[in-house]
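So you can see what is in the structure, the chains are spelled out below.
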Amino acid sequence: MEVESFVSKTLDLLQEEREAEIEETRLWQENISLKDLQSKGVCLLKLQIGSQSTGLYGRSLIVLEPRRHMGVSILPSNNFGPGDIVGVYDLDGCKPSSQVCTGVVTRASQSAITVACEDPPDRLNLDTELYNLLKLANDVTYKRMKKALTTLNGYSSGPASDLISVLFGYSEPSCNSQPSELSFLNTGLDSSQREAVSFALSQREVAVIHGPPGTGKTTTVVEIILQAVKQGLKVLCCAGSNVAVDNLVERLAKAKARVLRLGHPARLLESIQKHSLDAVLAHSDNASIIADIRRDMDKAFMGMKKQRDKGEKIHLKREVSELRKELRTREAAAITEVLKRADVVLATNTGANDTGPLKSLPADHFDWVVIDECAQALESSCWIPLLRARKCILAGDYKQLPPTIKSQTAASKGLSVSLMERLVQNRGDSVVRMLTVQYRMNRDIMTWASDHMYQGKLTAHGSVEKHLLRDLPGVASVEETCTPLLLIDTAGCGLNETEATDEQSKGNPGEVDIVELHIKALTEAGVKSKDIAVIAPYNLQVDLLRQRLSTRHPDLEIKSVDGFQGREKEAVVLTLVRSNRKGEVGFLAEDRRINVAVTRARRHLAVVCDTKTVTTHAFLKTLVDHMTQHGDVRTAFEYLQDIVPQNYTRDHRGTKANCAKVEPGNKKASGGKGSQRGDPQNGSGVTLFLFSALIATGTSDQVERFLQDQDQAELRFPSTLNSHDRLLVHQVAEELGLNHESQGEGKDRFIVVSRPPAEPHQAREDPQPLQPAAGLEEERNSPDPPGGLFSQSAVDLKRHQTQMAKQAKAKACEIVAAAMPDDDFDSLIAAVVKAERVCSFVKCKTSVVHLGQLCSFCNRQYCLGHHIPEVHGCGDLAKANARMRISKEGVLYAGSGLKDKSVDPNRKAYLHRKLDSRLKDMEKQRKTKPKEKETN
Ligand SMILES: Nc1ncnc2c1ncn2[C@@H]1O[C@H](COP(=O)(O)OP(=O)(O)OP(=O)(O)O)[C@@H](O)[C@H]1O
Ligand SMILES: [Zn+2]
Ligand SMILES: [Zn+2]
């Protein structure tokens, strides 16, 4: 691409982006919805001032925290970070009139944001007032980028001529004649790192270091810089973010390089501040002279104020202005001297502009410019430092997330393409060296990323290849700590995402439940919560997770994927949130986002997701497939028994208590309970559907035999079943009232289904509370019905059930016979599933997916209008039950008890008719189909 067309196109796109940003700010200021802004992470509402103090260089440091009396001390998920320019507003909103002050974020934790203000505000009230905090668009950055682009366009001669020519394809990259044998300062470098270093040294104009996650990119960049310093070269080293720059300062300073860090000291890490220009200046030889001049100036000022004589006054004024001139030259000289003495000058890309300290250096002062995290920066921002270089070294990973851009159109027209990505596209391998040994992930975690993002080129270093959580000190060997990959599949469990209009605000409370249980398992095994990260792609989910987990685990980091780029943790729990029937995955469809999320994990990656939804996306499918093949797979069913097969809005024994018992890993608890859940072989529509689907998994004979032969005590399913089939087995067993438990470890895990110990009629005489609240309410108000009703219905029911059981088996076989060879099997299943998603009251079509109640007598879901037993036909059973309890124990029970699977015969008959007609339809279709084909 020509420089000219690049510059004009990029200027347009920047303008577009700037307008999008201004528009966004305008919306904020018009206060359209601060709540929405908060959910986008750019605004924090109703904060109180935790403390106010004077920080470095006389700046006022304000710590903003959530309101204490709210009980939570955790901030909502947000995108505030060190270096951000922010406005503090009073609660009138975020209008200019209500702005209290502006400042720079110096620290951002989960519980507080620290802001350094230039204009110490007197208006701040520490005790009672609340404030809003808003990220401000900062047009300084734009101005600098535009200026750099304009300079690039008119660049005719200067140090960067050759470099520009190569980066825009006017000339080919060249390299120096082979230098003498390199002696590496860091002797521990692996061969790909050594290759990258010597390549970078020998290239004349440009070298790209592609560093996939954990491959020691910084280690390599540091070695390159130190080698340059050894050769007596001057290096300007930049990155997009302050954090990345500080990281390099730290590493280079440790290696005893003479470093100087430019930038607003408030934005620098504390440990870095001693390397800042301000701090170095304060300790330079010129410092005392400058201080003397300042003192003289102060004295002259004082004199001016006191002096009455006009002539004297003019004289003093002249003196002050001379002193000021002297001060300026002295300061500039001091800065230049400090800058020249440094071997490596470090700044953010935009901090390397030539209106700042760098203006006092000659244009060709630097030999090399190194840009780290180049793939996360706008190319325009890279041109600010690049114009000063003869040669550049770009390091980064363009397979991770690109720079964040507000304007969708600007992004789609190419503004988000980084210089690194553009170069790799245009020049390919000729300018790139890739680091291929990674020092972070267990091999099983790495392989997926390697295969699908890095052409299979990565290998795991021996020190991490097999490392697991259980190898950490104090961590016990349990199933969760011995597996690098764990997929917890919520498919078919009805754990839907929340409906929301905004793409950013998606949540999934069911996945939050599962994450909580998994965190519990990990921490109980001894994994420290500071070693665990919970990552979600959506801010809303991050908030739900924080509300649930942060109080108990203050050290647990819960962040969005974007907020975790560049970081790592021993264990990562990833919730993908999306679960919907349409198979929509929204912005999970950005492959690089998933790559970043997965590759944060060192020893353990757990993914909680609805495989049915997410595998509609080909790339996500590769992850699910990889985890299924190489990791442990569980279904959400094993965590939350009570939500299967759908969300039960009311569980009679309390979901929470169950969750605690049904700990993953403790499989004894997870079986067994089904046995108390009512009568075996109850032939509901769901059972038929599941049963037939199960037969489709190829275990039909066994299941058939087991169901018919009462003497066969248990049925074992092979460990080869995939997660979906395993879910089916659990569901079917549950529906049939059979015990079901997972046995064995890891990949050898299999399910054993067995009959519960026979205890006929016991359930009804069970002394446990059995009565749902609604029925009880009714009972109190109704007159005593004639005695004996209860036992009568029990007998009826028993008879009915036996009959149903027979029908169920016959029907299942029929379904299979009819459906198996036909692709319409799916549509039958869909029909039955649909039947189960609406209220079970005969004519009612209300959905019960989100709001519904389970009747404990007929075990069906009803809408809120039909869930009371009396309304849909279970009234007699409910009364009988209540009476029995009361007469037996003489107490009224609160609404809780066992789930009872007796059947509403009307509903059953209805569903069977429905199935029958479905089957007939299908048969017809099958017969007519071939004909259709012929006629076509
Ligand atoms: N040659 C090596 N031998 C042993 N360990 C190494 C080597 N190179 C890097 N590491 C280790 O790998 C980890 C990451 O290295 P480093 O900090 O250089 O990479 P980074 O740039 O921060 O990460 P990334 O490569 O993910 O961008 C560090 O713990 C470092 O000690
Ligand atoms: Zn209804
Ligand atoms: Zn009922």
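Residues numbered from 1 in each chain as written. Chains lettered and ligands numbered in written order. Predicted model: local features only at pLDDT ≥ 70, side-chain atom pairs only at ≥ 80, totals over all residues. Heavy atoms only, no water.

## Some words on the packing of helix 18 (residues 591-598) against helix 20 (residues 618-630)
Packed helices, taken two at a time, are described by their axes: the angle between them and the distance between them. In plain terms, the rule: Axis geometry follows a simple rule: fit a line to the C-alpha atoms, using only the stretch in contact for helices, then measure angles between N-to-C directions, giving values from 0 to 180 degrees. Helix and strand definitions here come from DSSP, where helices need a minimum of 4 consecutive H or I residues and strands a minimum of 2 consecutive E residues; each element is numbered from the N-terminal end. Note that the term roughly parallel is reserved for angles under 35 degrees, roughly antiparallel for angles over 145, roughly perpendicular for angles of 65 to 115, and oblique for everything else. Two helices crossing with the near one rotated counterclockwise from the far one by less than a right angle form a left-handed crossing, whereas a clockwise rotation gives a right-handed crossing. Here, two residues are considered to be in contact whenever any of their heavy atoms come within 4.5 Å of each other. Under the convention adopted here, Pro, Cys and the residues Ala, Val, Leu, Ile, Met, Phe, Trp and Tyr are nonpolar, Asp, Glu, Lys and Arg are charged, and Gly plus all remaining residues are polar.
The interhelical angle for the contact between helix 18 and helix 20, taken along N-to-C directions, is 25°, at an axis separation of 9 Å. Considering their axes alone, helix 18 and helix 20 lie roughly parallel with respect to each other. In this structure, helix 18 meets helix 20 at a crossing whose hand is right-handed. Only F619, L620 and L623 of helix 20 make contact with helix 18, whose side of the interface consists of D591, I594 and V598. Taken together, the residues of the contact of helix 18 with helix 20 break down into 5 nonpolar, no polar and 1 charged.

## Notes on the packing of aromatic side chains
What counts, and what does not: Only the six-membered ring of Trp is used, alongside the rings of Phe and Tyr, when aromatic pairs are assigned; centres must lie within 6.5 Å, and planes under 30 degrees apart are stacked while those over 60 apart are edge-to-face, with the rest tilted. Using a 1.4 Å probe on the protein chains alone, a residue whose accessible area is under 20% of its type maximum counts as buried, one over 50% counts as exposed, and one in between counts as partly exposed. Placement of a positive charge over a ring is assigned whenever Lys NZ or Arg CZ falls within 6 Å of the ring centre and within 35 degrees of the normal to the ring plane.
On inspection of all chains with the given rule, the structure shows 3 aromatic pairs. An angle of 55° between the planes, with centres 5.3 Å apart, marks the rings of W448 and F619 as tilted. Here W448 is found in helix 14 (residues 443-453), whereas its partner F619 is found in helix 20, with 171 residues between them in sequence. In this structure, W448 and F619 share a single accessibility class: buried. Site record: aromatic cluster; members linked through ring pairs are F6, F168 and W383. We note R422 situated over the ring of F6; from NZ or CZ to the ring centre the distance is 5.2 Å.

## A short note on the sheet that holds strand 22 (residues 714-716)
What holds strands together in a sheet is hydrogen bonding between their backbones, with the strands either parallel or antiparallel. For the record, the criterion: Here, any two strands with at least 2 DSSP bridges between them count as paired.
Taken in spatial order, the 3 strands of this open sheet run 22-24-23, and their pairing is antiparallel. Across the chains shown, the open sheet's two edge strands, defined by having one partner strand only, are strand 22 and strand 23 (739-743). If you compare each strand with its neighbour and ignore which way they point, the axes differ by 20° on average.

## Observations regarding the site of ligand 1
Note the threshold: Here a residue is considered near a molecule or strand provided that any single heavy atom belonging to it is located within 4 Å of it. Polar contacts, as counted here, are pairs of nitrogen or oxygen atoms within 3.5 Å of one another; within protein the pair requires one atom able to donate a hydrogen and one able to accept it, and residues that are adjacent in sequence qualify only if both atoms are side-chain atoms.
Near ligand 1 there are 15 residues, and of these G188, Q193, G214, T218 and T219 occur at the shortest range. At a separation of 2.8 Å, a nitrogen atom of ligand 1 approaches a polar backbone atom of G188. Separating a nitrogen atom of ligand 1 from a side-chain N or O atom of Q193 is a distance of 2.8 Å. Considered class by class, the residues forming the shell around ligand 1 number 4 nonpolar, 7 polar and 4 charged.

## As for a positive patch on the surface
The line we're drawing: What makes a patch is a set of residues exposed beyond 30% relative accessible area and free of salt bridges, joined within 9 Å when like-charged and within 5 Å when nonpolar (Val, Leu, Ile, Met, Phe, Trp, Tyr). All accessibility values rest on the Shrake-Rupley procedure with a 1.4 Å probe; residue burial counts only the protein chains present in the view. Any carboxyl oxygen of Asp or Glu within 4 Å of a side-chain nitrogen of Lys or Arg constitutes a salt bridge here. When charges are counted, neither His nor the chain ends are considered; positive counts come from Lys and Arg and negative counts from Asp and Glu. Taken as the charge centre is NZ of Lys, CZ of Arg, CG of Asp or CD of Glu, depending on the residue.
Taken together, R308, K310, K313 and K317 make up a surface patch of like positive charges. Mapped onto the fold, R308 is located in the loop between helix 9 (286-306) and helix 10 (310-341). By relative accessible area, R308 is classed as exposed at 76%.

## Observations regarding the nonpolar core
For clarity, the threshold we go by: The nonpolar core is taken to be a set of buried Ala, Val, Leu, Ile, Met, Phe, Trp, Tyr and Cys residues, with the residues joined through side-chain atoms within 4.5 Å. Those domain boundaries reflect an automatic or database domain assignment.
Among the nonpolar cores identified, the biggest contains 57 residues, and L152, L167, V206, L358, W383 and L386 are the most heavily contacted of them. Both domain 1 (1-25 + 146-171 + 191-258 + 347-435) and domain 3 (268-342) contribute no fewer than three residues apiece to this core. Look past the residues within four positions of V206 in its chain and what remains in contact with it is L163, V166, L167, C392, L423 and V431.

## Overview of the sheet that holds strand 16 (residues 485-489)
Taken in spatial order, the 6 strands line up as 18-17-19-20-16-21 in an open sheet, and their pairing is parallel. Strands at the two margins of the open sheet, each flanked by one partner only, are strand 18 (557-560) and strand 21 (632-635). Going across the sheet, the axis of each strand differs from the next one's by a mean of 20°, ignoring polarity. Pairing between strand 16 and strand 20 (residues 601-609): 5 bridges, direction parallel. Pairing of L485 across the sheet is with L605, part of strand 20. Lying over the sheet, helix 20 contacts strand 16, strand 20 and strand 21, oriented at roughly 115° with respect to strand 16.

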